[in-house]
Amino acid sequence: MSVFTIVALNPSFAVISNADAQAPGRNDGTTWQAHWIAFPSQSQSDKGLAKDNREQTQRMPLFRDEFMVRKAIAKASLRISGLGQYEAHINAHNVTDAVLTPGWTDYRKRVFYNTYDVSDRLVRGKNTIGVMLGRGMYDVPETKGRYTKFSGSFGTPKLIAQLDIRYVDGTTETISTDAGWRTAPGPITFSSVYGGEDFDARLEPSGWDGPAFDAPAWSHAEVVEGPGGILEPETIPPIKPFERFDPVSVTHPAPDVTVYDLGQNFSGWPEIQVSGERGTEIRMIAGELLDEHGFVTQHSANASPGDENSFSYTLKGQGLERWHPRFSYWGFRYVQVDGPESVIHHLDGRFLHDAVDVTGSFTSSDELFNRIHKLINMAMLSNMVSVLTDCPHREKLGWLEQTHLAAASLMYNYDLSTLYTKIADDMQDAQLANGLVPSIAPEFPVFEGAFRDSPEWGIADILSTWSAYEFYGDRNTLKNHYGSMVRYLDYLQGQTQNHLLTYGLGDWYDIGPGEPGPSKLTSKGVTATSVYYQALTRMERIAVLTGHANDVSRYKQEAARVKAAFNAEYFHPDTNQYDKGSQTADAMPLVVGLVPEDRRAAVLVNLIGDIRKHSDHVTAGDVGYHYVVRALTDGDRSDVLYDMLSRTDKPSYGDQLAHGATTLTEAWDADPNSSQNHFMLGHAEEWFYRGLAGIQFNLDRDRDERIIIHPAIVGNIHSARATFRSSRGDIESGWSINEDTLRMNVVIPRGSTATITLPSGFARGVRINGSPLRTGGAILKVEASSGSVRCVVSSGIFTIEASKL
């Protein structure tokens, strides 16, 4: 999300000392003997600065501790948290392949720790624990010559760790961080989640993390206060390196300048293999685009020359050296290296994202749709890094609107059950005493005005948590955050005028006159009040599910008042349009239930009319596009969505692909001045699963309606198939057309029932698993009328054949 110049950054992290913030989260009850430790503060001024004339380039500390193991071990567990982020070694071996740990939180409220089984890492005799620290979001320095989105600090980098050993004879021993641990400045001479990372291999003590190292000159660690948050185990998937992208081309736009094209935009870091003279520096600038001269530009990330993100490695001059950053990452496709190319033996990129389980797959006979599916998924994965970020470079912030608007698109593809619980915790931690849920969570910088308080963003406190319940069926998060939801709706009600909310960012990045930004085609009152009404209706159900039945009438009555006021203000009964007649203005009331029942068909016609008027192009933005997709899908007008998604001229996904995009871009027109890696406009993904393949899944519906299979046969598509591993088991819906004959393959998980509705018009000679359609066995109910066939089935594998009437 782009915030331009109207956002006020808070250089002092005012949010950290905000007295309005809510109390800490749950305590897991774990007993800690360990203390938080840090590099001694009195030594930082003379030992902590790198000699490179950059401001505030404090070297990151190393920590180590030695201990003896004299008996056979039954189990050894290491609990550890390093802030901002850590890498832990035992006897010179990394304890995990996870990176950028622990996850980002409001460290005043909660701090994640990780637990590792290290039984096989310990040996009889002397053992060593070694830890490196990076800054992460915990400590963001303002540094001249390096890109910085904002600056501020929760404190100096610090570490807490506890190794619990249980021996075979039943005795136990604990090794924990205290003043006895040793520390020294390490080889990371600059660390910033935004500005990059510098590593001087000459400064890395050889064997520092192993038992043979002698550290008499190292200082004793200083016991310090923690950041204030309760330590709790991290339950979200860890961040790990995944695909490796090798260069598809190498160019030389100037002498001693080499540009590597990795062929794919992604979130991650470059990895190098180099050799050369001691002290040779390899400096890398990574970016999404090239400028007109073939040099890497970071303009799409708002980083300008002289104020860039960069990664550098200084050689120690001992054979082949391999390196990648440890505590910083970036969004990029290209890497520019300044200096002799002969030093570099190989350079590639590693894709970093949360190690989420893949739960869905989609393919169709339309290659453009398959490419759009990949475009969106690469952007979604690139922005799964501890939180759902808006982009992997410029901001890396958890803007909340996408967590509810894109929930189905995300959850059809990936298991985000634990991540959405964390998002709910982040929102609760960020909530102010007056009930406001800020537009980003964790709220690292504090923005001003609508960028901090926009209902379409804060409403995620209810709607994203509700979406997770629909997909995963877990009521605990609803129960644990019910109070937060109540406080936010109370806050919004206090902001209403005649039951309407008329402020915020509106339909961000819609396609209207002028530069993209706040809504141009739709009044803010339409989007803000629509999501407010949607949340009120959800809270009626949430109140029942969480045992607050006495609150139901309160939300039902307020919803009725909002509906009446909304239609009085924005509905034009003479034209059956809302507001200014934009796509967003007509779609949102349809989806959330604000349209009077006898006018729904007419409003849908007007929505389609505006799309046709724009030659099947979208005009809706970040907020409205989700509702356009849902309104057309619910209205059985997937034919219109097919026409929209088939466009290859501006604005469209096809145009982005035609211009070389490999991840979904921030702006519909792939504007090179905007981010080239956003997933906020990726709502076509929901239609691929829910509309085209026809898998509709909602655990809050009645049993027979929880799984609905209702594919859409549209356009020139000859086949489509989607699979979805739900919390109830695997669901599959695939179909193909051969002349006038439809063949469907459907899988319903064990213990479930489902409603299968055949595409309209395919009602002749219907056969299931080779037999005529009739009740019996797995076929529980059959309904056929007006050219449509609908049946309720129990679990099983079904092959359905039907011909057109």
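Note that the structure is a prediction, hence the values are computed from the model and not measured.

Caption draft 1: Quick peek at the pattern of salt bridges. This model, assessed by the stated rule, comprises 40 salt bridges. Note that Arg326 and Glu87 form a salt bridge whose closest N and O atoms lie 3.1 Å from each other. Taken together, the positions of Arg326 in the loop between β25 (321-323) and β26 (330-338) and Glu87 in strand β4 (residues 85-90) put the pair 239 residues apart, joining distant regions of the chain. Assigned by exposure class, Arg326 and Glu87 land together as buried. The closest approach of N and O atoms between Arg394 and Glu666, which form a salt bridge, is 3.4 Å. Here Glu666 lies in the loop between α16 (653-658) and α17 (684-692) and Arg394 lies in the loop between β30 (387-388) and α3 (401-405), a separation of 272 residues in the sequence. What makes Arg394 buried here is its relative accessible area of 1%. Beyond isolated ion pairs, a larger network of salt bridges with shared partners links Arg110, Glu232, Asp425 and Asp429.

Caption draft 2: View of the side chain of Thr477. With respect to the element layout, Thr477 can be found in helix α8 (residues 476-480). Here Thr477 falls in the buried class, since its relative accessible area comes to 12%. Polar contacts involving the side chain of Thr477 include one to the side chain of Thr421, which spans 3.3 Å. The contacts of Thr477, once residues within four sequence positions are left out, are Thr421, Ala424 and Thr465.

Caption draft 3: Quick look at the confidence of the model for the protein. Here the protein shows a mean pLDDT of 93. Residues at 70 or above account for 94%. Contacts of residues 2-27 to residues separated by more than four positions or lying in other chains number 75 contacts, the stretch itself having pLDDT below 50. This model gives residues 42-57 a pLDDT under 50, and the stretch forms 33 contacts once residues within four places in sequence are excluded.

Caption draft 4: Representation of the packing of aromatic side chains within the structure. Inspection of the entire model under this criterion finds 41 aromatic pairs. Arranged with centres 5.8 Å apart and planes meeting at 15°, the rings of Tyr138 and Phe154 form a pair that is stacked. Taken together, the residues Tyr138 in the loop between β7 (125-134) and β8 (139-140) and Phe154 in the loop between β9 (152-153) and β10 (158-167) connect sequence positions 16 residues apart. Using a relative accessible area of 0% as the deciding quantity, one classes Tyr138 as buried. Note on Trp399 and Phe447: the rings are 5.3 Å apart at their centroids and 5° apart in plane angle, and the pair reads as stacked. Here Phe447 lies in the loop between α5 (417-430) and α6 (455-458) and Trp399 lies in the loop between β30 and α3, a separation of 48 residues in the sequence. When the ring centre of Trp32 is taken as origin, the NZ or CZ atom of Arg79, which lies over that ring, is 4.7 Å away.

Caption draft 5: Representation of the sheet that holds strand β15 (residues 219-220) within the structure. With antiparallel pairing, the six strands of this open sheet are ordered in space as β5-β4-β7-β2-β12-β15. Only two strands of the sheet have a single neighbouring strand rather than two, namely β5 (93-94) and β15. Here strand β12 (residues 182-185) pairs with β15 via two bridges, running antiparallel. In the strand pairing of β15, Arg182 is matched with His220.

About the criteria used
- Residues numbered from 1 in each chain as written.
- Predicted model: local features only at pLDDT ≥ 70, side-chain atom pairs only at ≥ 80, totals over all residues.
- Heavy atoms only, no water.
- Salt bridge = Lys/Arg side-chain N within 4 Å of Asp/Glu carboxyl O.
- Helix = DSSP H or I, 4+ residues; strand = E, 2+ residues; numbered from the N terminus.
- Buried < 20%, exposed > 50% of the residue type's maximum accessible area, 1.4 Å probe, protein only.
- Polar contact = N/O pair within 3.5 Å; in protein donor to acceptor, adjacent residues only side chain to side chain.
- Contact = heavy atoms within 4.5 Å.
- pLDDT = per-residue confidence, 0-100.
- Phe/Tyr/Trp six-rings, centres within 6.5 Å; stacked < 30°, edge-to-face > 60°.
- Lys NZ or Arg CZ within 6 Å of the ring centre and 35° of its normal.
- Pairing = 2+ DSSP bridges.

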